[in-house]
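# Per-entry structural report
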Amino acid sequence: MNNADNTVWNGASRRIKMFEVGTRDGLQAEAAFVPTEDKIALVNALSRAGMAKIEVTAFVSPKAIPALSDAEIVLREIERVPGVVYSALVPNVRGAERAIDAQANEMNLVMSASESHNLANLRMTREQSLRGLAEVAALARQAGVAVNVSLSCSFGCPIEGDVAESDVFAWCGRFIDEIGATGITLCDTTGMAYPGQVARMVREFIARWPATDLTLHFHNTRGMGLANVLASIDAGARCFDASIGGIGGCPYAPGASGNVCSEDIAHALELMGYDTGIDMQALTAAARRLPALIGHDTPSQIAKAGRRLDLHPAPADFEATRARALAREH
């Protein structure tokens, strides 16, 4: 989707695209290894539930992230639903080669808007990261694979605090102009974003780069995930990352909840009249199977409580209670 086609928000277009990141961003943080066949089944379920894009896995060192050591097998063996983009996180040229071989539709490249976070997380300066991303992007272009860049800490850094918005946009410009990124994801890595900030930055991004796809990636660390999504929509954003079950997180926000929850966000947007393309019954069913795969409960509210009109049977003594109540009227 191109933001140039969606800068006017007059109620005529209510389409919101949801991008699933739980199979990468979520599972990589889990202590339990989810079996390969279960990962494949989960991706297939998310495809059938109507996700517009799925970040299936990451082509990183198996020693660094053993939870995703089966990246090639998963990406090769999933069922490809027409229209769904199958993306993979790629940190370097070797990872790009593996992603191309496994037929990724898109490479997601990551660096931080904050120098401190980039050094702590990636062990490189931002300039060093950019040079590495440029090499990956060149290889992706040769293979005809789309490139998205996810900019961590776009709304604040857990080490430095506020990150200047001018710095965020300067890096976005370099990704677009220097390495040819066709999409940018502004990431709220540790849940520091707030609605006013989000709305301002979305408007500024769209004004500067109307032809570049913009995605927002929020965490619910401080309970503002849905508020930030709604503020972004009001400002013109149409694409959002989310994670099934709300799994995922960051080592710099210990104990905090993870990404905004796919089924919770989709449920809220559906009730507000937005078209997410999501089959809520299918997505909720997938979310309810997740705890058994990862060995613990998830933050998902919809998986626990059900959708708004998922009704419950009356109590066993309901008819007797009704009869007694009616008898008292006579």
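What you are looking at is a predicted structure, and each value in this text was computed from that prediction instead of being measured.

Moving on: the sheet that holds strand β5 (residues 146–152). Spatially, the eight strands close up into a barrel ordered β1-β2-β3-β4-β5-β6-β7-β8, and their pairing is parallel. Strand after strand, the sheet turns through a mean of 25 degrees between neighbouring axes, direction not considered. Bridge analysis of strand β1 (residues 17–20) against strand β2 (residues 53–58) gives two bridges, and the strand direction is parallel. When the sheet's bridge partners are listed, Glu20 is paired in β2 with Ile54. Against the sheet, helix α5 (residues 115–122) engages β4 (106–112) and β5, with an angle of about 115 degrees to β4.

On to unusual backbone geometry, then. Positive phi outside glycine occurs at Gln103, with the angle close to 70 degrees. Checked against the element boundaries, Gln103 lands in the loop between α4 (93–101) and β4. When its relative accessible area of 55% is taken as the criterion, Gln103 is described as exposed. One non-glycine residue with positive phi stands out, namely Arg123, at about 60 degrees. Note on placement: Arg123 falls in the loop between α5 and α6 (126–143).

Okay, the side chain of Thr215 next. Among the structural elements, Thr215 can be located in strand β7 (residues 213–217). Classification of Thr215 by relative accessible area gives buried; the value is 3%. Those residues in contact with Thr215 that lie beyond four places of it in its chain are Phe19, Ile184, Thr185, Leu186, Cys239, Phe240 and Asp241.

Attention now moves to the pairing of β4. The element β4 is largely enclosed, with a buried count of six among its seven residues. Two elements, strand β3 (residues 85–89) and β4, share three bridges in a ladder whose sense is parallel. Across the sheet, Ala88 pairs through a bridge with Met107, a residue of β4.

What follows is about the pairing of β1. Bridge analysis of β1 against strand β8 (residues 239–242) gives four bridges, and the strand direction is parallel. In the strand pairing of β8, Met18 is matched with Phe240.

With that settled, consider the nonpolar core. Membership of the largest hydrophobic core comes to 94 residues, with the highest contact counts inside it found for Leu109, Val149, Phe175, Ile184, Leu216 and Phe218. Dropping the residues within four chain positions of it, Phe175 is found in contact with Met111, Leu130, Val149, Leu151, Gly180, Ala181 and Ile184.

This brings us to the side chain of Thr284. Its place among the elements puts Thr284 in helix α11 (residues 280–294). Among the residues examined, Thr284 registers a relative accessible area of 3% and is labelled buried. In contact with Thr284, not counting residues within four places along its chain, are Ile302 and Arg307.

The subject of this paragraph is the confidence of the model for the chain. Within the chain, residue pLDDT values average 94, and 94% of them lie at 70 or more. Residue range residues 1–12 is modelled with pLDDT below 50. Its contacts to residues more than four positions away, or to other chains, number 23 contacts.

Reading guide: rules and limits
- Numbering of residues starts from 1 in each chain and follows the order in which that chain's sequence is written.
- Note on the predicted model: pLDDT of at least 70 is required for a residue's local features to be given, and 80 or more for side-chain atom pairs to be given and counted; whole-chain, interface and lining totals, by contrast, use all residues.
- Values shown for side chains rest on all heavy atoms present in the structure; no hydrogens or waters enter the calculation.
- Whether two strands pair depends on DSSP finding at least two bridges between them.
- Working definition: helices are DSSP H or I runs of at least four residues, strands are E runs of at least two. Numbering for both runs from the N terminus.
- Inter-axis angles, ranging from 0 to 180 degrees, are taken between N-to-C directions of lines fitted to C-alpha atoms, where helices are fitted over the stretch in contact.
- Contacts are assigned to residue pairs with any non-hydrogen atoms lying within 4.5 Å of each other.
- Relative accessibility thresholds used throughout: buried, under 20% of the residue-type maximum; exposed, over 50%; partly exposed, between the two (1.4 Å probe, protein chains only).
- Side-chain atoms within 4.5 Å link the members of a nonpolar core, which is a set of buried Ala, Val, Leu, Ile, Met, Phe, Trp, Tyr and Cys residues.
- Every residue is assigned a pLDDT by the predictor, reflecting its confidence on a scale from 0 to 100.

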